[in-house]
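Notes for the structure review
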Amino acid sequence: LQESVDQARAAGDLAAELRSMFNLATLQYESGDVAAAHETYARTEQRGREVGRPWAPFALESRVLGIQAAYVLGAWDGATAMADLSHDAPPDLAEAMVRASGMVVSAGRGDVSALDLLPSLAQHGQREGMVALFAGFATIDLHGDHGDLTAATKAYVDVVKGVGGMWANMDFQARIRLAALLLGHC
């Protein structure tokens, strides 16, 4: 994959370069090297910014998943900084993806005010599974941490139904994480 990145950059093929960088980061993440993945996601996002395309495919997704990697690494302040859009002007869907991803830190810190984002994310969560999933992860944790298993269960059911329907696949992989989060509160 690194060779693909290098070849794409040499050829001036930005789309292939960003896609290859993103795929490398995802492979690193899925192989358990979250630190390397975080670094590669950050480089991919930065490359998109360098060429004036921060919301391009794979640059945006690298920011979104980079937030998740930072969270997993315990770099919560870094994840929060990556989710900060105060100096950006993203398209609506990109904004929803970044905000939904950033909710994980708020949930981890027990900040129930993160639930106030849900109405603004709902429309986008019906079109983009990443929005629904990241908001759902945080919602389950926030409700579960506050002992409201009914609300946590409803969040689980709503996300599974919505994403499963959107993707025409009720057995999507993230369903395992959703179920584990819910079960962790039971």
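Scroll up to find the structure.
Within every chain, residues take consecutive numbers counted from 1 along the sequence as written. Local features in a predicted model are, by the rule used here, given only for residues with pLDDT of at least 70; side-chain atom pairs are given and counted only at 80 or more, and totals for whole chains, interfaces and linings are based on all residues. Computation of side-chain values covers all heavy atoms of the structure but excludes hydrogens and water.

Another point: unusual backbone geometry. Backbone geometry places Phe58, a non-glycine residue, at a positive phi of 80 degrees. Labels follow the DSSP assignment, with helices taken as runs of H or I lasting at least four residues and strands as runs of E lasting at least two, numbered in each case from the N terminus. Mapped onto the elements of the fold, Phe58 is located in the loop between helix H3 (34–50) and helix H4 (59–73).

This part takes up the packing of aromatic side chains. Two aromatic rings, drawn from Phe, Tyr or Trp (for Trp, its six-membered ring), form a pair once their centres lie within 6.5 Å of each other, and the interplanar angle then sorts them: stacked below 30 degrees, edge-to-face above 60, tilted otherwise. Enumeration over the complete set of coordinates arrives at five aromatic pairs. Look at Phe22 and Phe58: their rings are 5.3 Å apart centre to centre, the planes differ by 50 degrees, and that puts the pair in the tilted class. In this pair, Phe22 is assigned in helix H2 (residues 14–30) and Phe58 in the loop between H3 and H4, connecting sequence segments 36 residues apart. According to the relative accessible area criterion, Phe22 is buried, its value standing at 12%. Each residue's exposure class comes from its accessible area (1.4 Å probe, protein chains only) as a fraction of the maximum for that residue type: buried when under 20%, exposed when over 50%, partly exposed otherwise.

What follows is about H2. Since one α-helical turn is 3.6 residues long, residues separated by three or four positions face the same way. Between its first and last C-alpha atoms H2 spans 24 Å; for 17 residues at 1.5 Å apiece the expected length is 24 Å, and the two agree. We call two residues contacting when some pair of their heavy atoms lies within 4.5 Å. Where H2 is buried, its residues touch helix H1 (2–11), H3 and H4. Looking at the residues trailing H2, positive phi occurs at Gly32, about 95 degrees. Take the number of residues in a helix, subtract one, and multiply by 1.5 Å to get its expected span.

Our next topic: the nonpolar core. Among buried residues, those of type Ala, Val, Leu, Ile, Met, Phe, Trp, Tyr and Cys that are joined through side-chain atoms within 4.5 Å constitute a nonpolar core. Judged by nonpolar contacts, the single largest core of 48 residues is most densely connected at Ile140 and Leu178. Elements with a contribution of two residues or more to this core: H2, H3, H4, helix H5 (76–83), helix H6 (92–108), helix H8 (129–145), helix H9 (149–166) and helix H10 (174–183). Top element by residues in this core is H8. It accounts for 10 residues. Apart from residues lying up to four places away in sequence, Leu178 is in contact with Leu133, Gly136, Phe137, Ile140, Tyr156, Val159, Val160 and Phe172.

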